[in-house]
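Understanding the architecture of this molecule
Now for the letters of each chain:
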Amino acid sequence: MNAAKGPGAESLRSIALPFVFVLFIVACARDAEGPSRPVITIEQGDARASVTVELAVTPGQRAQGLMYRRALDPDAGMLFIFPTDSRSGFWMRNTYVPLDIAYISADFVVLEIRRGTPLDETVLTPSNPYRYVLEVNAGWFEANGLGPGARVIFPPGLLEGLEP
């Protein structure tokens, strides 16, 4: 006799099914929340704005960036963190959202902001070495009264364990 068809199998299914359903709902809710995303603040003179960022720390994450995204929330972005100063440029291959690309020094000052045009493969190389890059929706810096020279404030502990 197959155990699934034996006596008590129906009772076991009636108990197990709701339990499995609850586990499924909990797992979906946890996935919907996603990982915690840090908020960084940029200030310059009287202007101050915050942005919730995804982190791009590994070479793979930095290579992927915001590729294939069709939208970016108004005060959201991606923060690229490099282990040492870099001079390489960024491009917009497979990136559909127009972006402001801010190159940031090791001492957290915005050096330069370049505008990325969707799907354009022109390499946007900054004039000076940088340690961090912040990508946000095109026009975000201007709309918030911010530009080169602005100071970027990371939440405490953000870089711990990320850099050598």
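These lines cover the structure that appears in this document, whether it is placed above or below. (Residues numbered from 1 in each chain as written. Predicted model: local features only at pLDDT ≥ 70, side-chain atom pairs only at ≥ 80, totals over all residues. Heavy atoms only, no water.)

1. Here we look at the sheet that holds strand β4 (residues 99-104)
For the record, the criterion: Each pair of strands is called paired provided DSSP finds at least two bridges between the two strands. Elements are defined by DSSP. Helices are runs of H or I of four residues or more, strands are runs of E of two residues or more, and each kind is numbered from the N terminus. Each axis is a line fitted through C-alpha atoms, taken for helices only over the stretch in contact, and angles between the N-to-C directions span 0 to 180 degrees.
In space, the seven strands of this open sheet follow the order β5-β4-β6-β3-β2-β1-β7, with mixed pairing throughout. Looking at which strands have only one partner, the edges of the open sheet turn out to be β5 (110-116) and β7 (151-153). Pairwise comparison of adjacent strand axes, ignoring direction, gives a mean angle of 30 degrees for this sheet. Relative to strand β2 (residues 47-56), strand β1 (residues 39-44) is paired through six bridges, and the arrangement is antiparallel. Looking at the pairing, Ile40 lines up with Val51 of β2.

2. A short note on the packing of aromatic side chains
Test applied: Between the rings of Phe, Tyr and Trp (Trp by its six-membered ring), a pair exists once the centres lie within 6.5 Å; its type follows the angle of the planes, with under 30 degrees stacked, over 60 edge-to-face, and the other angles tilted. The buried label goes to any residue with under 20% of its type's maximum accessible area, the exposed label to any with over 50%, and the partly exposed label to all in between, with areas taken from a 1.4 Å probe on protein chains only. Cation placement over rings: the criterion is NZ of Lys or CZ of Arg within 6 Å of the ring centroid and within 35° of the ring normal.
For the structure shown, the criterion picks out 10 aromatic pairs. Ring centres of Phe80 and Phe90 lie 5.0 Å apart, and the angle between their planes is 90 degrees; on these two criteria the pair is classed as edge-to-face. With Phe80 in strand β3 (residues 76-86) and Phe90 in the loop between β3 and β4, this residue pair connects regions lying 10 residues apart in the sequence. A residue is classified by how much of its surface remains accessible, and Phe80, at 1% relative accessible area, is buried. The class for Phe90 is buried, based on a relative accessible area of 10%. Plain terms: the ring middles of Trp140 and Phe141 are 5.1 Å apart, the flat faces sit at 85 degrees to each other, and that makes the pair edge-to-face. Of the two residues, Trp140 and Phe141, both sit in the buried class. One aromatic cluster is present, formed by Phe80, Phe82, Phe90, Tyr103 and Tyr130 through successive ring pairs. A cation sits over an aromatic face here: Arg70 above Tyr96, 3.7 Å from the ring centre.

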